[in-house]
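Residue strings, one per chain:
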Amino acid sequence: MDRLDVLKEGLRRAENFRAAASYINFDMSTISPENARAHEGELIAFLENEAVRERKEPSFVSALLSSLKDIDSMDEWERAMVKEAYRTYRIEKNITKEEAYSFSLQEQQAFLDWEKAKKNADFSIFSKSLQGVIENNKKRASLRELDETEKGLMKSDYDRLLDMYERGMTTEILDPLFDESKERIVSLLEKIKNSKKKIRRDFLTRKVPTEKQKEISKMLQEVLLVDTTRSLISESAHAFTDRMAYDDVRITTHYYEDQFLSNIYSIMHESGHLMFDMMQPKENHEYFITEGKTLGMHESVSRFYENRIGRSKSFISLIYPRLLEIIPETLSDVSEREFYEGVNIVEPSLIRTEADEVTYTLHIIIRYELEKKLIGGELSVEELPKAWNEMYSELLGVVPENDAEGVLQDVHWSSDFGYFPTYAIGNFYNSMYYNAMNRDFDIGEAVRSGNLERINSWMIERVFKKADRLTPSEWIFDITGRELTPCDFLDYLDEKYGEVYGL
Ligand SMILES: [Zn+2]
């Protein structure tokens, strides 16, 4: 067999294991009975190990390494496939089976401890595990084999972790972007706090039955032109998107009867992830490069549909009459303007996942600064809860009453470090490409008239198409002709919320 065929065959087998694990994960997070979960968890770990084993087969590795030599004579797709496989190879190469197993055991324990700690609002239950996870992450980072370019870029363990989620991103690049964001957002927030504007909120907690909310979900996906022959919506504790195959991408939501906006914006957010996965070139699947999209790219798209489209005046004007038909008893005494303001309330709060567009980035910056110090050894696990509370008080002016609503609120640190910043980077990207799109045509006008086709087509052509073949910095430059900057996002916040709050 030709070595590219050997490579493709190995990648196909690994992908089959990954997809099978995804199906089980989806089942586990949605419908499986509580006592079935432990076994499903074991199956997932088994399948993931099998995928790694495929990639470590000597024949696969030798085909990969020898094909690197003539990468210049390959076509664009083959080249992308080899590059992607080589990156994965270097990440996995020095991690033995025993180490991988011990990492995974440690994470499972950490997850259980985190759950218990959160339930009891007691950080001390989690602290030992957290220390272990930090050590694991540092070890994983130091075991990565770097090529020459990467060696020049990644100057610390934390840089190596960042790069796992956002390729090429370093603290050197990120620090000034976050510093500028922090300064401008804190100053905007101050003005909002001092504004005399009162936004009406009584209708936001009106009871909307689950059946009605399901109708709303369906209406939103119709408006967005989501292909429901290749996707579905299920329910889980926390909303997520899972890609099983080219023709099967699924999302979940959670229906809170007294918070109907929560479902609306979960559907908008997850549908963004869904469309990115579903509307990517078919070749991405044929050449096994679907993981080339970084988390920052993914969050940029989900937040584009959730916030830039979903919380815009024109989108509200498009869906308000439709909502009025579905839930007249909730909205008949609420004007379109009141509804628009209601979905855009800004309020410093303790919980990241409930944060508005303005304060959200501050929640991320807090986590970024703390995790950077934890990995760098400048902050100890014991000092973490206090440092957390101090930063919340400084940036948001709120202080958690206990660890459950403070440092224990997110699951991420029971396994991953370097992940959080991608949420904020996503906002920077989508504001940059929103402006580029808006130069090509009037986005507000397209949305108001229900022409989402125009927007989706632009996204497919400019945003989705090359995402898996370019690094994030090449990709954003390819779309906008500019380097990554938070300015477009910060200008957008100033302008939009200046109008909402009459500043
Ligand atoms: Zn997301």
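Above this note sits the structure.
Residues numbered from 1 in each chain as written. Predicted model: local features only at pLDDT ≥ 70, side-chain atom pairs only at ≥ 80, totals over all residues. Heavy atoms only, no water.

Colleague: Looking at this model, I keep getting lost on the pattern of salt bridges. Mind explaining?
Modeller: Pairs may arise between side chains of opposite charge once their charged atoms sit close together. Within this structure, the stated rule accounts for 56 salt bridges. Here Arg-90 ties to Asp-147 by a salt bridge, and the two come within 3.8 Å at their closest N and O atoms. Placement of the pair is Arg-90 in helix H4 (residues 76-92) and Asp-147 in the loop between helix H6 (124-143) and helix H7 (148-153), with a sequence separation of 57 residues. The class of Asp-147 is partly exposed, set by a relative accessible area of 27%. The shortest N-O distance in the salt bridge between Lys-214 and Glu-235 comes to 3.5 Å. Of this pair, Lys-214 sits in helix H10 (residues 210-224) while Glu-235 sits in strand S1 (residues 231-235), and the two are 21 residues apart along the sequence. It is possible to trace a salt-bridge network through shared partners that takes in Arg-87, Arg-90, Arg-144, Asp-147, Glu-150 and Asp-163. (Salt bridge = Lys/Arg side-chain N within 4 Å of Asp/Glu carboxyl O. Helix = DSSP H or I, 4+ residues; strand = E, 2+ residues; numbered from the N terminus. Buried < 20%, exposed > 50% of the residue type's maximum accessible area, 1.4 Å probe, protein only.)

Colleague: Where do I start with the coordination of the zinc ion in this structure?
Modeller: Each angle at a metal carrying four tetrahedral donors should ideally be 109.5 degrees, and each at a metal carrying six octahedral donors should ideally be 90 or 180 degrees. Protein-derived coordination of the zinc ion comes from His-269 (NE2), His-273 (NE2) and Glu-299 (OE), at a distance range of 2.0 to 2.2 Å. The motif formed by the donor residues of the zinc ion, counted along the single chain, is H-x3-H-x25-E. Highlighted residues: His-273 in helix H11 (residues 260-278) and Glu-299 in helix H13 (residues 295-309), separated in sequence by 26 residues. Each member of the pair, His-273 as well as Glu-299, carries the same accessibility label: buried. (Donors = N, O, S within 2.8 Å, 3.2 Å for Na, K, Ca; no water.)

Colleague: Can you walk me through the pairing of strand S2 (residues 241-245) in this structure?
Modeller: Taken residue by residue, a regular strand's side chains alternate between the two faces of the sheet. Pairing geometry for S2 and strand S3 (residues 248-253), over 4 bridges, is antiparallel. Opposite Arg-243, over in S3, you have Val-249 as the bridge partner. Counted along the chain from S2 to the antiparallel partner S3, the turn is 2 residues long. (Pairing = 2+ DSSP bridges.)

Colleague: Even after reading the chapter, I still don't get the side chain of Asn-456, so can you show me in this structure?
Modeller: On the secondary structure map, Asn-456 appears in helix H21 (residues 452-464). According to the relative accessible area criterion, Asn-456 is buried, its value standing at 4%. There is a polar contact of 2.7 Å between the side chain of Asn-456 and the side chain of Tyr-305. Apart from residues lying up to four places away in sequence, Asn-456 is in contact with Leu-224, Leu-225, Met-275, Met-279 and Tyr-305. (Polar contact = N/O pair within 3.5 Å; in protein donor to acceptor, adjacent residues only side chain to side chain. Contact = heavy atoms within 4.5 Å.)

Colleague: Help me understand a nonpolar patch on the surface in this model?
Modeller: On the surface, a nonpolar cluster with roughly 230 Å² of combined accessible area is contributed by Phe-111, Leu-112 and Val-411. Within the secondary structure, Val-411 sits in the loop between helix H18 (384-395) and helix H19 (421-440). When its relative accessible area of 35% is taken as the criterion, Val-411 is described as partly exposed. (Patch = residues over 30% accessible without salt bridge, like charges linked within 9 Å, V, L, I, M, F, W, Y side chains within 5 Å. Areas by Shrake-Rupley, 256 points an atom, 1.4 Å probe, with all protein chains shown as cover.)

Colleague: Sorry, what's going on with the environment of Asp-27 here?
Modeller: Relative to the helices and strands, Asp-27 is located in helix H1 (residues 3-30). The spatial distance from the C-alpha of Asp-27 to the C-alpha of Arg-37 is 9.3 Å, given a sequence separation of 10 residues. In contact with Asp-27, not counting residues within four places along its chain, are Ser-32 and Glu-40.

Colleague: How should the side chain of Ser-22 be read in this particular structure?
Modeller: By the secondary structure assignment, Ser-22 is in helix H1. A relative accessible area of 7% means that Ser-22 is categorised as buried. The residues touching Ser-22, leaving out its near neighbours within four places in the chain, are Asp-242, Arg-243 and Met-244.

Colleague: What should I look at first to understand helix H14 (residues 313-326) in this one?
Modeller: Helical geometry note: an α-helix holds 3.6 residues per turn, so side chains three or four residues apart project in the same direction. Taking 1.5 Å per residue, 14 residues should reach 20 Å; H14 reaches 20 Å between its end C-alpha atoms and fits that length. Where H14 bends most, at Ile-319, the angle is about 35°, and the proline Pro-321 comes one to four residues later. Listed in full, the buried residues belonging to H14 are Ser-314, Phe-315, Ile-316, Leu-318, Ile-319, Tyr-320, Leu-323 and Ile-326. (Expected span 1.5 Å × (residues − 1). Bend = angle between axes of the 7 residues up to and from the residue.)

Colleague: Looking at this structure, how should I read the packing of H11 against H13?
Modeller: A pair of packed helices is characterised by two quantities: the angle between their axes and the separation of those axes. In contact at an axis separation of 7 Å, H11 and H13 are set at 135° when each is read in the N-to-C sense. Between H11 and H13, the crossing angle belongs to the class labelled oblique. Remark: the crossing between H11 and H13 carries right-handed chirality. Residues Tyr-265, Met-268, His-269, Gly-272, His-273, Met-275, Phe-276 and Asp-277 of H11 lie in contact with H13, whose contacting residues are Met-297, His-298, Glu-299, Val-301, Ser-302, Arg-303, Tyr-305 and Glu-306. Among the residues making up the contact of H11 with H13, the classes are represented as 7 nonpolar, 5 polar and 4 charged. (Axes fitted to C-alpha atoms, helices over the stretch in contact; angles between N-to-C directions. Parallel < 35°, antiparallel > 145°, perpendicular 65-115°, else oblique. Left-handed = near helix turned anticlockwise from the far one by under 90°. Nonpolar A, V, L, I, M, F, W, Y, C, P; charged D, E, K, R; others polar.)

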